[in-house]
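If you want the building blocks of each chain, they are given just below.
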Amino acid sequence: MALTMWASSTANALRISCASKPHLSLAFSFSRCFSTVLDGLKYATSHEWVKHEGSVATIGITDHAQDHLGEVVFVELPEPGVSVSQGKGFGAVESVKATSDVNSPISGEVVEVNSKLTEAPGLINSSPYEEGWMIKVKPSSPPELESLMGSKEYTKFCEEEDASH
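Going by an unreviewed UniProt entry, the chain carries the name Glycine cleavage system H protein and comes from Hibiscus sabdariffa. According to its UniProt record, the chain has this under Sequence similarities (unreviewed entry): "Belongs to the GcvH family." Turning to the chain, the UniProt record has this under Function (unreviewed entry): "The H protein shuttles the methylamine group of glycine from the P protein to the T protein."

Peer 1: Can you help me understand the nonpolar core in this one?
Peer 2: Across soluble globular proteins, nonpolar side chains show a tendency to be buried alongside one another. Within the largest apolar cluster, 23 residues are counted, with the highest numbers of intra-cluster contacts made by I106, I124 and M134. When contributions to this core are tallied by element, the ones reaching two or more residues are β5 (56-61), α2 (63-69), β6 (72-76), β8 (89-95), α4 (123-126) and β11 (135-139). When residues in this core are grouped by element, the largest group, 3 residues, is from β5. I106 has contacts with V50, A57, I59, V84, S85, Q86, V137, P139, E144, L145 and L148, leaving out every residue within four places of it along the chain.

Peer 1: Please clarify how the packing of aromatic side chains should be interpreted in this entry.
Peer 2: For any pair of aromatic rings, geometry is given as the distance between the ring centres together with the angle between the planes. Under the defined criterion, the tally for this structure stands at 3 aromatic pairs. With a centroid separation of 5.7 Å and an interplanar angle of 55 degrees, the aromatic rings of W49 and Y129 are classed as tilted. Of this pair, W49 sits in strand β4 (residues 48-53) while Y129 is found in the loop between α4 and β11, placing the two residues 80 residues apart along the sequence. Grouping residues by exposure puts W49 and Y129 together as buried. Consider the rings of Y154 and F157, whose centres lie 6.3 Å apart with planes at 25 degrees: the pair is stacked. Of the two residues, Y154 and F157 are both situated in helix α5 (residues 151-163); the distance of 3 residues between them amounts to about one turn of the helix. Put simply, the rings of Y43, Y154 and F157 touch in pairs and so form one group of aromatic residues.

How each quantity is defined
Residues numbered from 1 in each chain as written. Predicted model: local features only at pLDDT ≥ 70, side-chain atom pairs only at ≥ 80, totals over all residues. Heavy atoms only, no water. UniProt positions renumbered as here; feature names shortened; annotations may be inferred. Core = buried A, V, L, I, M, F, W, Y, C linked by side-chain atoms within 4.5 Å. Buried < 20%, exposed > 50% of the residue type's maximum accessible area, 1.4 Å probe, protein only. Helix = DSSP H or I, 4+ residues; strand = E, 2+ residues; numbered from the N terminus. Contact = heavy atoms within 4.5 Å. Phe/Tyr/Trp six-rings, centres within 6.5 Å; stacked < 30°, edge-to-face > 60°.

As structure tokens, this is what we get:
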């Protein structure tokens, strides 16, 4: 962890970005802060991700978001059956730094929530794209997915956002 923090700080100071190296062919790309951005997912400007498989979309917060939040200590999630709307809040994440609303990147009906997060909210920090997923939604408007960013666009968005701070 300390090595990751040192590498991230050094990369920020030197303005290094692995994502800007086109000769690297990785299964994922990195933002300037070494946050993982996975190919095959869609990303919202509010730092949530969506993985659409069949009739269900899995939603969580990005590695970039959890990195900025710090250690997650509590997660508030909706009940299954609740409708969510694109760009509207469906829950909250509380960290040692702050409490942040979590917005849904797409509209639909919540079909499942990650109950593991009640007992182990830190899964969002340790595994934001796998064990730290938050909700599964049956999309009501699949074309909304097209309005979200791909991995390259999201990486660039994060780099520009971080540079402006």
